[in-house]
Amino acid sequence: MEEQSCLCNKGYADGQYVLPPLPYEAVALEPLLDARTVATHHDRHHAAYVAGANAALEVIRKVAANVYDETAVSSAMRKLAFNLGGHILHCLYWKSISPQQQDGPTGALADAINTAFGSYDGFLRVFRGVALGVQGSGWVVLGRERLSGRLAVLGVERHQDILLPGFKPLLACDVWEHAYYLRYLNNRAGYVDAFLRQADWASALKRMEGSCHGDKR
Ligand code: MN3
């Protein structure tokens, strides 16, 4: 099962970013998410970030090769951060959801959550609060902060803003409206609560322990 828990296995091959297949059928996330939302999200939205990351990478390579003037690199860098951030977070998102309801974090991950938030309920309050506080489009990401080694929850706006350098993401919930609007309309809290009931804590634990061959960090 190592393959299932890796952050982004199959997200890059032969010099370019590629769209990995969903780790389950689109219909498998019912009733948390409807199949149309999941398929559109993966096949169109996630795919567009992969294409955008490759386009930005190509511009940067051409600047390096002196095909384009160096003034072209600044906007390409911003497009790379946005699109590759989107690609990485979507890879993590599909692996953050289990088709089955889960009992919550276990083992070292449960310990780390208790250390950082006092209890699992404390974590849930923080995660929900951060989710509702994301302005516009963005993500809620549980991860490990590099200096202290403690867990933290970040409300990442767009795909790249409010990220800490060295932050290692373990679990990500997409709160862009395209992730939930068909089923939940504007009820972001209802979607986040449903996500948390099906969060794939087993794969998050493997990411924390670094046992994923697809996670290069
Ligand atoms: Mn999305």
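Residues numbered from 1 in each chain as written. Predicted model: local features only at pLDDT ≥ 70, side-chain atom pairs only at ≥ 80, totals over all residues. Heavy atoms only, no water.

(A) Geometry of the coordination of the manganese ion. At 2.0 to 2.2 Å from the manganese ion lie its protein donor atoms, namely His41 (NE2), His90 (NE2), Asp174 (OD) and His178 (NE2). Mapping the donors of the manganese ion onto the primary sequence yields the spacing H-x48-H-x83-D-x3-H. Note that histidine 90 is positioned in helix α3 (residues 73-96) and histidine 178 in the loop between β5 (168-174) and α6 (181-184), a separation of 88 residues in sequence. For histidine 90, a relative accessible area of 0% corresponds to the buried category. (Donors = N, O, S within 2.8 Å, 3.2 Å for Na, K, Ca; no water. Helix = DSSP H or I, 4+ residues; strand = E, 2+ residues; numbered from the N terminus. Buried < 20%, exposed > 50% of the residue type's maximum accessible area, 1.4 Å probe, protein only.)

(B) Up close: the environment of glutamate 30. Here glutamate 30 lies in the loop between β2 (16-17) and α2 (35-64). Beyond its immediate stretch of four places on either side in the chain, glutamate 30 contacts Ala35 and Arg183. Of the polar contacts made by the side chain of glutamate 30, one reaches the backbone nitrogen of alanine 35; its length is 3.5 Å. (Contact = heavy atoms within 4.5 Å. Polar contact = N/O pair within 3.5 Å; in protein donor to acceptor, adjacent residues only side chain to side chain.)

(C) Structural context of the pairing of strand β4 (residues 151-157). Counting buried positions along β4 yields seven of seven residues, so the element is predominantly enclosed. Residues Leu151, Val153, Gly155 and Glu157 of β4 are buried on one face, and the alternating residues Ala152, Leu154 and Val156, pointing to the opposite face, are buried as well. Pairing geometry for strand β3 (residues 138-144) and β4, over seven bridges, is antiparallel. Bridging across to β4, tryptophan 139 finds its partner in valine 156. (Pairing = 2+ DSSP bridges.)

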